[in-house]
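Fold and geometry: a report
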Amino acid sequence: MKKTFLCGLALFFASSAFAQTTAITFPTPGQNLSIGGCTFSGVTSLSVNTANGTAITANGTATNGCAPSAPGGGATSTVGVSLAPSSYTIGDTNAANFPVVSWSSADTGVTCTAVSTSIPTGFTAVPSSTSLGSGKITLQPTGTPVANTYSVVVQCTTSTASTTVSPSTSTLSLSVGTASPPGACSASQTSTTFSNGAVLSRQCVGTIGWGQYNTSDNNVALTSLDTEMRGTFGNYRYDGLTMIPYVTAGQYISLAFTPTVVGSLQFNLNPTYGIGGTISLSTTPGSFTPVNPNCIAANGNSLNLVAGVNYPTLCSLSLGTTYYVNFAGVLSDGSQACNPLSGGSVPTSCSSAKLAYYTQ
């Protein structure tokens, strides 16, 4: 019997079982090791049964039948696959809310991909952050997602010799749905991130004025554009008046409406009563970075936003879809905007902003 000492470990081999085996060099702990037709990943300890040479224990796990005469008996690499978040709201343009598939394995040869036929309608699988034995796949909404529950299939393989991956196939559930119903307002519904890093919370209660000759709505629920404009899309009784939202610093107002007829909606800055700040239209509350650049306006002297059904060159709306018109008292970079003082100067800070838009 021949005794060999490598890296402080005593490896014993029965000459009858390993007569054809060349000398083994133990790699740096934590790397891969091939022996007797089996490949082990991330090896930190190894022992061999000296009685018959066929029982190998790597990292405390015994594998029988790994001999030169039985190649492919091989090791198994475990891979963890997950999806987070597991739900997506149609129209959400905040990349932080896009579903991401993540995988990780101690086997540096593992690679995982999403089966193309299982990618949900309206999404594109974009690999990112890939490194040895780990990676991510972002399910990026690039088309028109359809509300449904989808099974995303992920397949994993390894380039490590004589090794299989477990599980080789993972099925992950993704729920795609529409935005919360109008009236479901919460400060937890934060805005998309502005370029200066600002993130606003949703303001659910407050005041909206209606120009010089109309009474303000004080301490009202700021959830529905139909409620505030006294009607439904295409037939608002407050069309032609100046709408004056009072927006608390660090927050935004989001008013929901659902077009059921062909029509249009326009907000034009009216500097007689207030400032423009930033206004946008989206399918989720607080999105100030919509895919359509015509659906956002900020800080211009002639600031306006025009949206409508059958207006493809403007901010285009679809019948039956719930939209939100978002108001924020901030500049385009997210810094707080304040109303000028009576002397004409603008303060460096303020607790709220008085916006003003002529509606039609």
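This report concerns the structure included in the present document. Remember, predicted model here, so these are calculated numbers, not experimental data.

Describing the environment of leucine 331
- Here leucine 331 shows up in the loop between β29 (323-328) and β30 (352-354).
- Leucine 331 sits 33 residues away from alanine 298 along the chain, and the two C-alpha atoms are 6.5 Å apart.

Some words on the packing of aromatic side chains
- Counted according to the given criterion, the structure contains ten aromatic pairs.
- Ring centres of tyrosine 88 and phenylalanine 98 lie 6.4 Å apart, and the angle between their planes is 65°; this geometry places the pair in the edge-to-face category. Within this pair, whereas tyrosine 88 is found in strand β9 (residues 87-89), its partner phenylalanine 98 is found in the loop between β9 and β10 (100-105), the two being separated by ten residues in sequence. Assigned by exposure class, tyrosine 88 and phenylalanine 98 land together as buried.
- For the ring pair phenylalanine 327 and tyrosine 357, a centre distance of 5.5 Å and an interplane angle of 40° mean the geometry is tilted.

Side note on the pattern of salt bridges
- For the structure shown, the criterion picks out one salt bridge.
- Note that aspartate 217 is salt-bridged to arginine 230, the shortest N-O span being 3.2 Å. With aspartate 217 in strand β19 (residues 217-221) and arginine 230 in the loop between α1 (225-229) and β20 (231-232), this pair connects stretches of sequence that are 13 residues apart.
- Among the residues examined, arginine 230 registers a relative accessible area of 24% and is labelled partly exposed.

Focus: the state of the cysteines
- In this structure the tally under the stated criterion is four disulfides.
- Here cysteine 112 pairs with cysteine 156 through a disulfide, and the sulfurs are 2.0 Å apart. Across the disulfide from cysteine 112 to cysteine 156, rotation about the S-S bond amounts to roughly 110°, and the bridge is consequently right-handed. Placement of the pair is cysteine 112 in strand β11 (residues 110-114) and cysteine 156 in strand β14 (residues 148-158), with a sequence separation of 44 residues. Here cysteine 112 and cysteine 156 have matching classes, each one buried.
- Here cysteine 185 engages in a disulfide with cysteine 204; their sulfurs sit 2.1 Å apart. In this structure the cystine formed by cysteine 185 and cysteine 204 twists about its S-S bond by roughly -90°; its chirality is therefore left-handed.

Quick look at the layout of surface pockets
- As a volume, the largest pocket reaches approximately 790 Å³.
- Lining the largest pocket are 30 residues, with Ile90, Gly91, Asp92, Thr283 and Tyr323 positioned closest to its centre.
- Elements that contribute at least two residues to the lining of the largest pocket include exactly β25 (278-282) and β28 (315-317).

Side note on the nonpolar core
- Ranked by size, the top nonpolar core spans 35 residues in total, and within it Leu225, Leu255, Phe257, Phe267, Ile279, Leu281 and Phe327 carry the most contacts.
- Within the residue set of this core, elements represented by two or more residues are α1, β22 (242-248), β23 (251-257), β24 (264-269), β25, β27 (304-309), β28 and β29.
- Counting 22 residues, the second largest nonpolar core, distinct from the first, contains Leu83, Phe123, Ile137 and Tyr150.

Side note on the side chain of asparagine 270
- Tracing the backbone shows asparagine 270 in the loop between β24 and β25.
- For asparagine 270, a relative accessible area of 15% puts it in the buried group.

Thoughts on unusual backbone geometry
- Following alanine 84, the chain continues into proline 85 via a peptide bond in cis, with omega recorded as -10°.
- By secondary structure assignment, the location of proline 85 is in the loop between β8 (75-84) and β9.
- Cis geometry marks the peptide bond from serine 166 to proline 167; its omega dihedral reads -5°.
- Mapped onto the elements, proline 167 comes out in the loop between β15 (163-166) and β16 (169-177).
- In this structure, serine 162 is a non-glycine residue whose phi angle is positive, near 55°.
- Counting through the fold element by element, serine 162 comes out in the loop between β14 and β15.

So, how was this worked out
- Residues numbered from 1 in each chain as written.
- Predicted model: local features only at pLDDT ≥ 70, side-chain atom pairs only at ≥ 80, totals over all residues.
- Heavy atoms only, no water.
- Helix = DSSP H or I, 4+ residues; strand = E, 2+ residues; numbered from the N terminus.
- Phe/Tyr/Trp six-rings, centres within 6.5 Å; stacked < 30°, edge-to-face > 60°.
- Buried < 20%, exposed > 50% of the residue type's maximum accessible area, 1.4 Å probe, protein only.
- Salt bridge = Lys/Arg side-chain N within 4 Å of Asp/Glu carboxyl O.
- Disulfide = S-S within 2.5 Å.
- 1 Å grid on protein atoms, 1.4 Å probe; cavity = no way out; pocket = protein on both sides within 12 Å on 5 of 7 lines; lining within 4 Å.
- Points joined across faces, edges and corners; volume = space filled by probe spheres on them.
- Core = buried A, V, L, I, M, F, W, Y, C linked by side-chain atoms within 4.5 Å.

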